[in-house]
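Here's the letter readout for the chains.
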Amino acid sequence: FNGATNLMAILGRLHEQCTPLFCDITWKPSQDPMSDKCQSEPSTLLVSAAMIDVYGQNIMIHIPSGNTTRSQVLEHLNRAKNLGIKSVLAVRGGTA
């Protein structure tokens, strides 16, 4: 979690100085032992949810669809929606 902690600190300092219209967070898959549905729970969703909760920031996730099944993409998109993420940039054929 060091990387995520450092990222949140940087984003916090940025947010103190200006209020960006949105923050684009690129998809990064990682293992999450708390997930019982996805083999590869994306840290993108965890960081995005924290940005929404802590700073009220409008988040756009940048998600590739390569190397991912349709059901995995739909599951991640539904989770993103439930976390309050309203904007998605989906890249056809991209890989994480």
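So, a few notes on the structure that sits alongside this text. Source: prediction; values computed, not measured.

1. Remarks on the sheet that holds strand E1 (residues 23–26)
- Spatially, three strands are ordered E1-E2-E3 in an open sheet, and the strand pairing comes out parallel. Each edge of the open sheet is held by one strand with a lone partner, namely E1 and strand E3 (87–91). The mean angle between the axes of side-by-side strands here comes to 20 degrees, regardless of whether they run parallel or antiparallel.
- Contacting E1 and strand E2 (59–64), helix H2 (residues 43–55) runs over the sheet at an angle of about 175 degrees to E2.

2. Considerations on the nonpolar core
- Within the largest apolar cluster, 13 residues are counted, with the highest numbers of intra-cluster contacts made by Ile25, Leu45, Met51, Ile59 and Ile61.
- Setting aside its immediate chain neighbours within four residues, Ile59 contacts Cys23, Ile25, Ser48, Met51, Ile52, Ile85, Lys86 and Ser87.

3. A look at the side chain of Ser48
- With respect to the helices, strands and loops of the structure, Ser48 is situated in helix H2.
- Residue classification places Ser48 among the buried positions, given a relative accessible area of 0%.
- If we ignore the near neighbours within four places in the chain, the residues touching Ser48 are Ile25, Ile59, Ile61 and Ile85.

4. Focus: the side chain of Thr44
- Locating Thr44 in the fold gives a position in helix H2.
- When sequence neighbours within four positions are dropped, the list of residues in contact with Thr44 reads Ile25, Thr26, Trp27, Lys28 and Ile61.

5. Structural notes on the pairing of E3
- As defined by bridge partners, E2 adjoins E3 across five bridges and the pair is classed as parallel. Considered in E3, the bridge of His62 is made with Leu89.
- A crossover links E2 with its parallel partner E3, the connecting element being helix H3 (residues 70–82), and its sense is right-handed.

Rules and cut-offs
Residues numbered from 1 in each chain as written. Predicted model: local features only at pLDDT ≥ 70, side-chain atom pairs only at ≥ 80, totals over all residues. Heavy atoms only, no water. Pairing = 2+ DSSP bridges. Helix = DSSP H or I, 4+ residues; strand = E, 2+ residues; numbered from the N terminus. Axes fitted to C-alpha atoms, helices over the stretch in contact; angles between N-to-C directions. Contact = heavy atoms within 4.5 Å. Core = buried A, V, L, I, M, F, W, Y, C linked by side-chain atoms within 4.5 Å. Buried < 20%, exposed > 50% of the residue type's maximum accessible area, 1.4 Å probe, protein only. Right-handed = clockwise from strand over helix to strand, strands pointing away.

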